[in-house]
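Coordinate analysis (summary)
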Amino acid sequence: MDIEKVNSMDFGEFVDVFGNVIERCPLIAAAVWSQRPFSDLEDLEKHLFAFIDALPQSGLGDYEKLSSKKTPRQSLQCLWDLQLEKGKQPQSGGQEGILRCHPDLAGRELQRGTLSAESQREQRGAGLTSLDADERLRLAELNAQYRARFGFPFVLAARLSDRAAVQRELAARLHCPPAQELRTALGEVKKIGHLRLADLLGADQARA
């Protein structure tokens, strides 16, 4: 897909295609749709990440100020209502809300087969679908400790890691100060988003 195709998309198509670049946060794609035309992949990425950076750490935030007046308000409201009907709260908790949209690595959603297609591929690629019982138990314990400490799940760009490194990184980041960990986790969200955008546009992933 080239950038000209992206710039020609209507609102619905754009959200369908890019709505899961940031895991389960289609409102972010919805908010940047009106910033077209994008000059290239990096320009599109810049707008997506700027939206994340502009959100408050927690709380609803003011989406009307963060998104353009050209974004169809009714469409944004429909997306919001749809997420609430599904029992999810994308971005409703600001930056922390974005993190809470991510699944645990090797967690219940993986076992139940309810991951998004992108997360399924990423966790499988990191070897998290083939853990033995002891490895699954250890990761479950670490995930629970992490959530209890920070209030959101551990986020890591699994495609840039492997099963042993995931556990090491999770154990190490448990001891980080909360403000530092928030920054680190959001950085991982952006790494994941960069890789997913590169997949969609067939771009070089070297910067990841």
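All of these numbers come straight from a predicted model, not from anything done at the bench. (Residues numbered from 1 in each chain as written. Predicted model: local features only at pLDDT ≥ 70, side-chain atom pairs only at ≥ 80, totals over all residues. Heavy atoms only, no water.)

What the chain contains, in helices and strands, is twelve helices and zero strands. Of the regular secondary structure in the chain, the N- to C-terminal order runs α-α-α-α-α-α-α-α-α-α-α-α. Per-residue burial over the chain gives 49% buried out of 208 residues. Within the chain, counting contacts between residues at least 6 apart in sequence, those at least 24 apart form 69% of the total. Looking at the chain as shown, the accessible area adds up to about 10300 Å², and 48% of this sits on carbon and sulfur atoms. (Helix = DSSP H or I, 4+ residues; strand = E, 2+ residues; numbered from the N terminus. Buried < 20%, exposed > 50% of the residue type's maximum accessible area, 1.4 Å probe, protein only. Contact = heavy atoms within 4.5 Å. Areas by Shrake-Rupley, 256 points an atom, 1.4 Å probe, with all protein chains shown as cover.)

Next up on the list: the side chain of Asp43. Take Asp43: it is sitting in helix 4 (residues 41-54). With relative accessibility at 12%, the residue Asp43 sits in the buried group.

Leaving glycine aside, a negative phi is the common case for residues, and trans is the common case for peptide bonds. Omega for the bond connecting Arg36 with Pro37 falls within 30 degrees of zero, at 5°, which places this linkage in the cis form. Secondary-structure assignment places Pro37 in the loop between helix 3 (26-32) and helix 4.

This part takes up the confidence of the model for the chain. Chain-level pLDDT for the chain is 87 on average; 81% of the residues reach the 70-or-more range. Counting interchain partners and residues more than four positions distant, the pLDDT-below-50 stretch residues 84-92 has 24 contacts. (pLDDT = per-residue confidence, 0-100.)

Two elements in contact, helix 10 (residues 133-150) and helix 12 (residues 178-201), have axes whose closest approach is 11 Å; the angle formed by their N-to-C orientations is 115°. Of the residues in helix 12, those touching helix 10 at Tyr146, Arg149 and Phe150 are Pro178, Glu181 and Ala185. Per-class residue counts for the contact of helix 10 with helix 12 are four nonpolar, no polar and two charged. (Axes fitted to C-alpha atoms, helices over the stretch in contact; angles between N-to-C directions. Nonpolar A, V, L, I, M, F, W, Y, C, P; charged D, E, K, R; others polar.)

As a further point, take empty space enclosed by the protein. Scanning the entire structure with this criterion turns up two cavities of 30 Å³ or more. Taken as a whole, the largest cavity encloses approximately 110 Å³ of empty space. Lining the largest cavity are 14 residues, with Leu105, Ser119, Glu122, Leu156 and Ile192 positioned closest to its centre. When grouped by side-chain class, the residues that make up the lining of the largest cavity number eight nonpolar, three polar and three charged. The calculated volume of the second largest cavity comes to roughly 30 Å³. Per-class residue counts for the lining of the second largest cavity are four nonpolar, no polar and two charged. (1 Å grid on protein atoms, 1.4 Å probe; cavity = no way out; pocket = protein on both sides within 12 Å on 5 of 7 lines; lining within 4 Å. Points joined across faces, edges and corners; volume = space filled by probe spheres on them.)

Moving on, we get to the packing of helix 10 against helix 11 (residues 163-173). Relative to each other, helix 10 and helix 11 sit at 30°, their axes nearing to 10 Å. It follows from the interaxial angle that helix 10 and helix 11 lie roughly parallel. Once helix 10 is placed against helix 11, the crossing between them reads as left-handed. Two secondary-structure elements touch here, helix 10 through Glu135, Arg138, Leu139, Leu142, Asn143, Tyr146 and Phe150 and helix 11 through Arg163, Val166, Gln167, Leu170, Ala171 and Arg173. Taken together, the residues that form the contact of helix 10 with helix 11 break down as seven nonpolar, two polar and four charged. (Parallel < 35°, antiparallel > 145°, perpendicular 65-115°, else oblique. Left-handed = near helix turned anticlockwise from the far one by under 90°.)

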